[in-house]
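Now for the letters of each chain:
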Amino acid sequence: MASKVVAQQTGSDKTAIRPFPVASVPEAELTDLRKRINATRWPERETVTDATQGVQLGTMKALARYWATDYDWRKCEAKLQSLPNFLTEIDGLDIHFIHVRSKHENALPLIVTHGWPGSITEQLKIIDPLTNPTAHGGNASDAFHIVVPSMPGYGFSGKPTTTGWGPERIARAWAVLMKRLGYSKFVAQGGDWGAVITDLMGVHAPPELLGIHTNMPGAVPADIYRAVLSGAPMPSGFSDDEKAAFERLQFVYSKGVAYGYQMGLRPQTLYGIADSPVGLAAYFLDHDAWSYALIARVFDGQTEGLSRDDVLDNITITWLTNTALSGARLYWENKFAYFSVKGVSVPVAVSAFPDELYQCPRNWAESAYPKLIHYNKLPKGGHFAAWEQPKLFSEEVRAGFRSLRK
């Protein structure tokens, strides 16, 4: 992670690449956070024995105990401070990003985009494996220069004060960012919102973009999407992979994305998650059933791909930057179906993780992405793949882009 970073500047102050030292949070803010956690007014427990009513009281009380007593934000802060952080203004908004250049010659520039409920903390574990592959069982020929931006309204990036910052505009901004950094050729990767943004980069197909990698493919055929959304029965003639994907999508849209509807329609109403740390944490934990089950096990003392600190790093950065609502507005801005085929024209690599919102069948990926250069069905891992399975994820990114290197 000590790779030297080269910050380049363009002709005006507004578009300069400016160093952004991550400041130490005043201790008073951390004291206030712990005080608020301890002052939580708890409801009664759920009236069921499972998570069908939402995030369970036992999980939240375990999370709150750890957050208020044992969790140390300074560890995450130190990780962020050890990395080269920058700001640059694009379309009138300050964009924050981490930029680490590899020590290896001919490294491939890569921009990686996080999602919701997310932040740059999702990508911290993959920076060294991708920039310094020889230290992680890889080859120097698979090295990347890596750029990890905070989406507008998230983390250390500016908060939009006007409408219009949807995923399409972010996709265009990322192309500007990579060119501003001096990269004449680059690739892009994303999951969750990052997958939508990266797909749209592949639709726009700027000449500098060699290809994309996604771990949440926009590959559901239009007729199947309509059947899922309408509650229609499963079409006949499906393979086992297609049946599993259809059933998973039906579950997600019928029971699993209440937060998406809320933020898509009325994000400003969510004052509770800006005012209550435990409210914010519960909202973030309720992203999808498989990630929640993993996190619940973590706070029950089991060892998983994510740790308690991982989970709380992400929630705490959102709390400290007060970006719960500015991040939520991305759902209101969005005009795209998350898993729809969008018309990507560049080469595409797909990694299909089993506990993703749906595990994309190969034939769907081949149909959605005419220039599919890599498809792999992984044995483990979920929605937050870079965060949960950094080794598998890094190997996938290396393999996915290998054919695009000159």
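Everything quoted here is computed from the prediction, not taken from an experiment. (Residues numbered from 1 in each chain as written. Predicted model: local features only at pLDDT ≥ 70, side-chain atom pairs only at ≥ 80, totals over all residues. Heavy atoms only, no water.)

### Observations regarding the pairing of strand β4 (residues 108-113)
Next, step 1: In terms of burial, β4 is a largely internal element, 6 of the 6 residues being buried.
Next, step 2: Across the two faces of β4 the burial is the same, with L108, L110 and V112 and P109, I111 and T113 all buried.
Next, step 3: Viewed along the sheet, the connection from β4 through helix α4 (residues 124-131) into strand β5 (residues 144-149) turns out right-handed.
Next, step 4: Pairing analysis gives 4 bridges linking β4 to strand β6 (residues 186-190), with the strands arranged parallel. Within the sheet, the bridge partner assigned to L110 lies in β6 and is V187. (Buried < 20%, exposed > 50% of the residue type's maximum accessible area, 1.4 Å probe, protein only. Helix = DSSP H or I, 4+ residues; strand = E, 2+ residues; numbered from the N terminus. Right-handed = clockwise from strand over helix to strand, strands pointing away. Pairing = 2+ DSSP bridges.)

### Things to note about the environment of G381
Next, step 1: Within the secondary structure layout, G381 lies in the loop between β9 (372-377) and α16 (385-388).
Next, step 2: Here G381 falls in the buried class, since its relative accessible area comes to 3%.
Next, step 3: Placed 91 residues apart in sequence, G381 and W290 show a C-alpha to C-alpha distance of 9.8 Å.

### Concerning the packing of helix α7 (residues 222-230) against helix α8 (residues 240-256)
Next, step 1: Interhelical geometry of α7 versus α8 gives an angle of 45° and a closest axis separation of 9 Å. With respect to each other, α7 and α8 are oriented oblique. In the crossing of α7 with α8, the sense of the turn from one axis to the other is right-handed. Between α7 and α8, the residues in contact are I224, Y225, A227, V228 and L229 and F246, L249, Q250 and Y253, respectively.
Next, step 2: Partitioned by chemical class, the residues of the contact of α7 with α8 number 8 nonpolar, 1 polar and no charged. (Axes fitted to C-alpha atoms, helices over the stretch in contact; angles between N-to-C directions. Parallel < 35°, antiparallel > 145°, perpendicular 65-115°, else oblique. Left-handed = near helix turned anticlockwise from the far one by under 90°. Contact = heavy atoms within 4.5 Å. Nonpolar A, V, L, I, M, F, W, Y, C, P; charged D, E, K, R; others polar.)

### Remarks on the environment of W193
Next, step 1: Considering the arrangement of structural elements, one finds W193 in helix α6 (residues 193-204).
Next, step 2: W193 sits in the buried class, given a relative accessible area of 2%.
Next, step 3: In sequence terms W193 and Y66 are 127 residues apart; their C-alpha atoms lie 29 Å from each other.
Next, step 4: Not counting the four nearest positions on each side in its chain, W193 is found in contact with H114, G115, W116, M151, Y154, P167, L330, Y331, N334 and Y338.

### Quick word on the sheet that holds strand β3 (residues 93-100)
Next, step 1: Overall, mixed pairing links the 9 strands, which are arranged β1-β2-β3-β5-β4-β6-β7-β8-β9 in an open sheet. Two strands lie at the open edges of the sheet, namely β1 (18-19) and β9, each paired on one side alone.
Next, step 2: As defined by bridge partners, strand β8 (residues 348-352) adjoins β9 across 5 bridges and the pair is classed as parallel. Counted as the bridge partner of V350 is Y375 from β9.

### Examining helix α14 (residues 324-333)
Next, step 1: With 8 of its 10 residues buried, α14 lies for the most part within the structure.
Next, step 2: All of the buried residues along α14 are A324, L325, S326, G327, A328, L330, Y331 and E333.
Next, step 3: Elements that come into contact with the buried residues of α14 comprise α5 (167-180), α6, α9 (258-265), α10 (271-275), α11 (277-285) and α13 (308-321).

### Quick word on unusual backbone geometry
Next, step 1: Looking along the chain, the bond that leaves W116 and enters P117 is cis, with omega of 0°.
Next, step 2: Following the sequence through the fold, P117 ends up in the loop between β4 and α4.
Next, step 3: Even without being glycine, N106 reaches a positive phi, approximately 60°.
Next, step 4: Structurally, N106 is set in the loop between β3 and β4.
Next, step 5: With a phi angle near 50°, A205 is a residue other than glycine that sits in the positive phi range.
Next, step 6: Tracing the backbone shows A205 in the loop between α6 and β7 (209-214).

### Description of the packing of α11 against α13
Next, step 1: At a minimum axis separation of 10 Å, α11 and α13 run at an interaxial angle of 125°. On the basis of their axis angle, the class for α11 and α13 is oblique. Like other packed secondary-structure pairs, α11 and α13 cross with a definite hand, here right-handed. Taken together, the residues of α13 that come into contact with α11 (itself represented by P277, L280, A281, F284 and L285) are V311, N314, I315, T318 and W319.
Next, step 2: By residue class, the composition of the contact of α11 with α13 is 8 nonpolar, 2 polar and no charged.

### Things to note about the layout of surface pockets
Next, step 1: In this structure, the largest pocket occupies an estimated 750 Å³ of space.
Next, step 2: Taken together, 31 residues form the lining of the largest pocket, with A51, Q53, G54, V55 and D286 sitting closest to its centre.
Next, step 3: Breaking the lining of the largest pocket down by element, the ones donating at least two residues are α2 (57-69), α8, α9, α11 and α12 (289-299).
Next, step 4: By residue class, the composition of the lining of the largest pocket is 16 nonpolar, 8 polar and 7 charged. (1 Å grid on protein atoms, 1.4 Å probe; cavity = no way out; pocket = protein on both sides within 12 Å on 5 of 7 lines; lining within 4 Å. Points joined across faces, edges and corners; volume = space filled by probe spheres on them.)

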